[in-house]
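The primary structure of each chain is shown beneath.
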Number of protein chains: 2
Amino acid sequence: MEYDLIIWMHNKEKENLSVVLTSGGLDSALTATIAKQEGDLALLHANYGQRTEARELKSFHDLADHLGAKERLVIDLSFLKVIGGSALTDDEIEVPLGDIKSKEIPITYVPFRNAHFLSAGISWAEVLGASSVFIGAVEEDGSGYPDCRDAFFDSFEESASLGTRPETKILIKRPLIKMRKKDIVELGLRINAPFHLTWSCYKDSLLACGECDSCLLRLRGFEEAGVGDKIKYKKTIRG
Amino acid sequence: MEYDLIIWMHNKEKENLSVVLTSGGLDSALTATIAKQEGDLALLHANYGQRTEARELKSFHDLADHLGAKERLVIDLSFLKVIGGSALTDDEIEVPLGDIKSKEIPITYVPFRNAHFLSAGISWAEVLGASSVFIGAVEEDGSGYPDCRDAFFDSFEESASLGTRPETKILIKRPLIKMRKKDIVELGLRINAPFHLTWSCYKDSLLACGECDSCLLRLRGFEEAGVGDKIKYKKTIRG
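Worth saying up front: this structure is predicted, and the values here are computed from it rather than measured.

## Concerning the overall build of chain A
If you tally the helices and strands in chain A, you get eight helices and five strands. Going residue by residue from the N terminus, the α and β elements of chain A occur as α-β-α-β-α-β-α-α-β-α-β-α-α. When burial is assessed residue by residue, chain A has 51% of its 239 residues classed as buried. Looking at chain A alone, contacts between residues at least 24 apart form 71% of all its contacts between residues at least 6 apart.

## A few points about the interface of chain B and chain A
In this complex, chain B contributes 36 residues to the contact, which on the side of chain A involves 36 residues. Taken together, the elements giving at least two residues each to the side of chain B that touches chain A come down to β3 (71–76), α4 (79–83), α5 (113–128) and α6 (150–163) of chain B. Looking at the side of chain B that touches chain A element by element, the count peaks at 10 residues for α5 of chain B. Of the residues that constitute the side of chain B that touches chain A, the class distribution is 20 nonpolar, 10 polar and six charged.

## Description of unusual backbone geometry
The residue asparagine 192 of chain A is not glycine, and still its phi comes out positive at about 60 degrees. Structurally, the position occupied by asparagine 192 of chain A is in the loop between α7 (181–190) and α8 (213–225).

## Things to note about the confidence of the model for chain A
Looking at chain A as a whole, the pLDDT averages 89, with 88% of positions reaching at least 70. What the predictor reports for the complex is a pTM of 0.89 with an ipTM of 0.88.

## Some words on the relation of the copies chain B and chain A
The transform that puts chain B on chain A rotates by 180 degrees and translates by 0.0 Å along the axis, for an RMSD of 0.0 Å. On this basis, the relationship between the two copies can be described by a two-fold rotation axis. When the interface residues of chain B are mapped onto chain A, 100% of them again lie at the interface, so the same face is used by both copies.

## As for the sheet that holds strand β2 (residues 40–47) of chain B
Residue and element names in this part refer to chain B. Taken together, the five strands give an open sheet; going across it, the order is β3-β2-β1-β4-β5, and neighbouring strands pair in parallel fashion. Edge positions in the open sheet fall to β3 and β5 (171–173), since each of these has one partner strand only. Here the average twist between neighbouring strands, direction ignored, is 25 degrees.

## Looking at the pairing of strand β1 (residues 17–21) of chain B
On a regular strand, each side chain points to the face opposite its neighbour's, so the side chains alternate between the two faces of the sheet. All names here are of chain B. Among the five residues in β1, four count as buried, and that is most of the element. Two strands pair when backbone bridges link them, and β1 and β2 are joined in this way by five bridges, in the parallel orientation. The residue bridging serine 18 from the neighbouring strand is leucine 41, located in β2. The parallel pair β1 and β2 is bridged by helix α2 (residues 26–36), and the resulting crossover is right-handed. Bridging between β1 and strand β4 (residues 132–134) involves three bridges; their strand directions are parallel. Considered in β4, the bridge of valine 20 is made with phenylalanine 134.

## Describing the nonpolar core
The biggest cluster of nonpolar side chains holds 139 residues, and the ones touching the most others in it are Val133 of chain A together with Leu44 and Val133 of chain B. Those residues in contact with valine 133 of chain A that sit more than four places away from it in its chain are Val19, Leu21, Leu118, Gly121, Ile122, Ala125, Ile170 and Ile172 of chain A.

## Some remarks on the sheet that holds strand β1 (residues 17–21) of chain A
Strand pairing in a sheet relies on backbone hydrogen bonds, with the paired strands running either antiparallel or parallel. Residue and element names in this part refer to chain A. The strand order across the open sheet built from five strands is β3-β2-β1-β4-β5, with neighbouring strands paired in parallel fashion. The sheet is open, and its two edges are formed by β3 (71–76) and β5 (171–173), each paired on a single side. Taking each pair of neighbouring strands and ignoring which way they run, the sheet shows an average axis angle of 25 degrees. Here strand β4 (residues 132–134) pairs with β5 via three bridges, running parallel. Looking at β5, one finds that serine 132 is bridged to leucine 171. Sheet strands in contact with helix α3 (residues 53–67) are β2 (40–47) and β3, and its direction is about 175 degrees off that of β2.

## Re helix α3 (residues 53–67) of chain B
For an α-helix, the turn length of 3.6 residues means that residues three or four places apart are oriented alike. Residue and element names in this part refer to chain B. A rise of 1.5 Å per residue sets the reference length of α3, with its 15 residues, at 21 Å; its end C-alpha atoms lie 21 Å apart and thus fit the reference within 8%. Of all the residues in α3, the buried ones are Glu56, Ser59, Phe60, Leu63, Ala64 and Leu67. For α3, the buried positions fall inside an angular range of 135 degrees around the axis, keeping them on one side. Along α3, exposed side chains directed more than 90 degrees from the buried face belong to Ala54 and Asp65. Taken together, the buried residues of α3 touch α2, β2 and β3. A positive phi of about 60 degrees marks glycine 68, the residue just after α3.

## Points about the environment of threonine 52 of chain B
Residue and element names in this part refer to chain B. Among the structural elements, threonine 52 can be located in the loop between β2 and α3. Sequence separation of threonine 52 and alanine 87 is 35 residues, and the distance between their C-alpha atoms is 12 Å. Excluding its chain neighbours within four sequence positions, the residues that come into contact with threonine 52 are Trp199, Cys201, Tyr202, Asp204 and Ser205.

## Some words on the packing of helix α6 (residues 150–163) of chain A against α6 of chain B
Interaxial distance between α6 of chain A and α6 of chain B falls to 8 Å at its minimum, and their mutual angle equals 160 degrees. Comparing the axis directions of α6 of chain A and α6 of chain B gives the class roughly antiparallel. Here α6 of chain A and α6 of chain B pass one another in a crossing that is left-handed. Packed against α6 of chain A, whose contacting residues are Ala151, Phe152, Ser155, Phe156, Glu158, Ser159, Leu162 and Gly163 of chain A, the element α6 of chain B presents Ala151, Phe152, Ser155, Phe156, Glu158, Ser159, Leu162 and Gly163 of chain B at the interface. Split into classes, the residues belonging to the contact of α6 of chain A with α6 of chain B amount to eight nonpolar, six polar and two charged.

What counts as what
Residues numbered from 1 in each chain as written. Chains lettered and ligands numbered in written order. Predicted model: local features only at pLDDT ≥ 70, side-chain atom pairs only at ≥ 80, totals over all residues. Helix = DSSP H or I, 4+ residues; strand = E, 2+ residues; numbered from the N terminus. Buried ≥ 20, exposed ≤ 12 C-beta atoms within 10 Å, placed from the backbone. Contact = placed C-beta atoms within 7 Å. Nonpolar A, V, L, I, M, F, W, Y, C, P; charged D, E, K, R; others polar. pLDDT = per-residue confidence, 0-100. Least-squares fit on C-alpha atoms with pLDDT ≥ 70 in both. Pairing = 2+ DSSP bridges. Axes fitted to C-alpha atoms, helices over the stretch in contact; angles between N-to-C directions. Right-handed = clockwise from strand over helix to strand, strands pointing away. Core = buried A, V, L, I, M, F, W, Y, C linked by C-beta atoms within 7 Å. Expected span 1.5 Å × (residues − 1). Arc of directions from axis to C-beta. Parallel < 35°, antiparallel > 145°, perpendicular 65-115°, else oblique. Left-handed = near helix turned anticlockwise from the far one by under 90°.

What follows is the structure, given as structure tokens:
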């Protein structure tokens, strides 16, 4: 009887499906690896006219293959490029060299971007019957994006509860929200997150530039964790 | 001095810009007409693979021309059709003949659709410096969509405040939220909303079917207001 219970619990756990917003960077690779411990994966990626769109998409598919995702969906949000207002999507605004100590909201902020990703995640989760939408957002560590704050996700979870069917209950899970890049690198190595398949650079698609905000944060994370990064860089602080 | 103040107030008022989510139906036509009283218009329309997409888009441009919109933006959310789960976007689910008295959530509900429209509205409003996003949602009158409830919009307004720059303040205005279709028709006629340019039918694009939920609500509104609808129908309840 106890054995049956274990089998039942095992099957029940495996029936659980999580949508994971997966950009293809370190944070989403770790988040998907964490989500996989809870059940099956439905990985969602968005193209939105960002500079390294094609390279990120390759990382997304590599991660989905590696993690054995049950479902995958790529959506097009290229109107975010038309709306503009960010160095990530507007060719006329230069991607700045890193300044990850600044308290200002960086010019790479894409207005209200995470709301679009979450809305797609919630719509898809409601149709699939998934119980969670995972996002690899990190509140601190210098990113400074307002739509990466924990309070924003709490509020959006409430909006999702009010704006979907009464029987739909979807949690927005953000397991990395309080971590620093060092913690992310360390946890990822411990649970075998496939970091070698990821892409973080905001600027280039062949070799990571090693100079933009995103490269600097990533490199600092590996350095502080005392391990090497397996992807290649054009240039790093140490030359 | 008083005259200068009036001029200044007039100019200040005219500097105000509102984003209006404009499907091309009665409700959004009235909403845009109301928003125009507060200043300039930036009209936003979404294609999302709905059956009458091209016809709705024509109404959108006709309304934008008629109201002298300062800005207009058409976005593509066709991934909502891929996600599916609604008779509006899934060719395998039949659009039902109207049953506008039912308490169930109708099969034309597109999962969390208004969150996508609002997210686009907020992103665009933040870049344009607009102070409001108007939506022509109606809570009652039988539509039954969870993402049309006033409480959902309150919550989303809070999410938008938390997820955008600290200096960004955008209200989500929903002037029709408590109205019935009869009130909408009456107010529209009083303030010259261009109802003759609108499209409501969920099913057909040449002549409105006169039988789907949306046609029935519209027809009932005109009937209760005691005036005729200027668009043509294939079939109406009265034959």
